[in-house]
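What the coordinates show
Listed below, chain by chain, are the residues.
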Amino acid sequence: MKMLSFKTKGLGRRIKVKTARGLIRKYDTQFVTLQETKKDFIDLEFYKRLWGDYVVSWEAIFENNTSGGFLCCWGNVVFSMSRVHKGNGFLAIEGNWRDNNEVITLVNVYSPWDLEGKRRFWKELLDYKNSSNVSRWCITRDFNSVRKRNERVGSSNNGGGNSGNKEIEEFNAFIEN
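Parameters at a glance
Residues numbered from 1 in each chain as written. Predicted model: local features only at pLDDT ≥ 70, side-chain atom pairs only at ≥ 80, totals over all residues. Heavy atoms only, no water. Salt bridge = Lys/Arg side-chain N within 4 Å of Asp/Glu carboxyl O. Helix = DSSP H or I, 4+ residues; strand = E, 2+ residues; numbered from the N terminus. Buried < 20%, exposed > 50% of the residue type's maximum accessible area, 1.4 Å probe, protein only. Phe/Tyr/Trp six-rings, centres within 6.5 Å; stacked < 30°, edge-to-face > 60°. Lys NZ or Arg CZ within 6 Å of the ring centre and 35° of its normal. Core = buried A, V, L, I, M, F, W, Y, C linked by side-chain atoms within 4.5 Å. Contact = heavy atoms within 4.5 Å. Pairing = 2+ DSSP bridges. Axes fitted to C-alpha atoms, helices over the stretch in contact; angles between N-to-C directions. 1 Å grid on protein atoms, 1.4 Å probe; cavity = no way out; pocket = protein on both sides within 12 Å on 5 of 7 lines; lining within 4 Å. Points joined across faces, edges and corners; volume = space filled by probe spheres on them. Nonpolar A, V, L, I, M, F, W, Y, C, P; charged D, E, K, R; others polar.

**As for the pattern of salt bridges**
Throughout the structure, instances matching the rule amount to 12 salt bridges. Of the charged contacts, one joins Lys118 and Glu167 as a salt bridge, the two residues approaching to 2.5 Å between their closest N and O atoms. On the criterion of sequence distance, the pair formed by Lys118 in helix 3 (residues 115-131) and Glu167 in helix 4 (residues 161-176) is long-range, its members being 49 residues apart. Looking at Lys118, the relative accessible area reads 1%, which means it is buried. Asp127 is the salt-bridge partner of Lys123, the closest N and O atoms lying 2.6 Å from each other. Residue Lys123 and its partner Asp127 are located together in helix 3, separated by four residues, close to a single helical turn. The class of Lys123 is exposed, set by a relative accessible area of 52%. Via salt bridges that share partners, Glu116, Arg119, Lys166 and Glu170 belong to a single interconnected network.

In structure tokens form, the structure reads like this:
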């Protein structure tokens, strides 16, 4: 399984679609998750430009609060979707990976920034996972959290004080579940 995930910060400019297409081609990608698409509609021609042909399926959440939207697309030859769940901060695609005939859930994540929003997101994602009978999961992208204080770099929110420690503790507990 070859997956690609990245934060686009908008797909309105052709250069961003061309860059994404180049990465898909370079790595012979079979499943793509994009965050911050900043699109409210995407037509079939866009998917053809992104994927390279019309043998593609997709699911999207457009303009999800401040995240700007999520997009998952995959080649119909390698993956067959059976279920989709659009949550607050995530897009989950369940289906059959045809190479090995294995059922898998692929999740595209862009978590809220605030701690209360993260708590709601963590709970919803865990509830969804616990209600699923699929054992194989692959979760991609941005939880906007760190497991250790020294992982937070380049941010004005350095996770300082007790609130930063509390968030780290809660995020680690979420991962353990």
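**Some words on the packing of aromatic side chains**
Under the definition given, this model contains 17 aromatic pairs. Following the ring pairs from residue to residue traces out a cluster consisting of Phe90, Phe121, Trp122, Tyr128, Trp137, Phe143, Phe171 and Phe174. Positioned above the aromatic ring of Trp137 is the side chain of Lys129, whose terminal nitrogen or guanidinium carbon lies 5.5 Å from the ring centre.

**Remarks on the nonpolar core**
Ranked by internal contacts, the top residues of the largest apolar core, which has 17 residues, are Val32, Leu34, Phe46, Tyr47, Leu50 and Leu71. Residue assignment for this core shows that the elements contributing at least two residues are strand 1 (3-7), helix 1 (14-26), strand 2 (31-35), helix 2 (44-51), strand 3 (56-62) and strand 4 (69-75). Residue contributions to this core peak at four residues, all from helix 2. Apart from residues lying up to four places away in sequence, Leu50 is in contact with Val17, Ala20, Arg21, Ile24, Leu34, Leu71 and Cys73. Residues Phe90, Val107, Phe121 and Leu125 belong to the second largest nonpolar core, which totals 14 residues.

**Quick notes on the sheet that holds strand 7 (residues 102-110)**
The sheet built from four strands is open, its strands ordered 5-6-7-8 with mixed pairing. Of all the strands in the sheet, the pair left with one neighbour each is strand 5 (79-87) and strand 8 (137-142). For this sheet, the mean angle separating the axes of adjacent strands, direction not counted, is 20°. Relative to strand 7, strand 6 (residues 90-97) is paired through eight bridges, and the arrangement is antiparallel. Paired with Ile93 across the two strands is Leu106, which belongs to strand 7. Here helix 3 sits on the sheet in contact with strand 5, strand 6, strand 7 and strand 8, set at roughly 20° to strand 6.

**Observations concerning the layout of surface pockets**
Its boundaries defined by the atoms lining it, the largest pocket holds a volume of some 210 Å³. Considering the residues around the largest pocket, the lining is formed by 13 residues, among which Asp28, Thr29, Gln30, Trp51 and Gly75 are closest to the centre. In terms of residues, the lining of the largest pocket owes the most to one element, helix 1, which gives three residues. Taken together, the residues of the lining of the largest pocket sort by class into five nonpolar, four polar and four charged. Roughly 150 Å³ of internal volume is contained in the second largest pocket. The wall of the second largest pocket is formed by Leu125, Leu126, Lys129, Ser135, Trp137, Ile139, Phe143, Phe174, Ile175 and Asn177. Where the lining of the second largest pocket is concerned, the elements lending two or more residues are helix 3, strand 8 and helix 4. Tallying contributions element by element places helix 3 first for the lining of the second largest pocket, with three residues.

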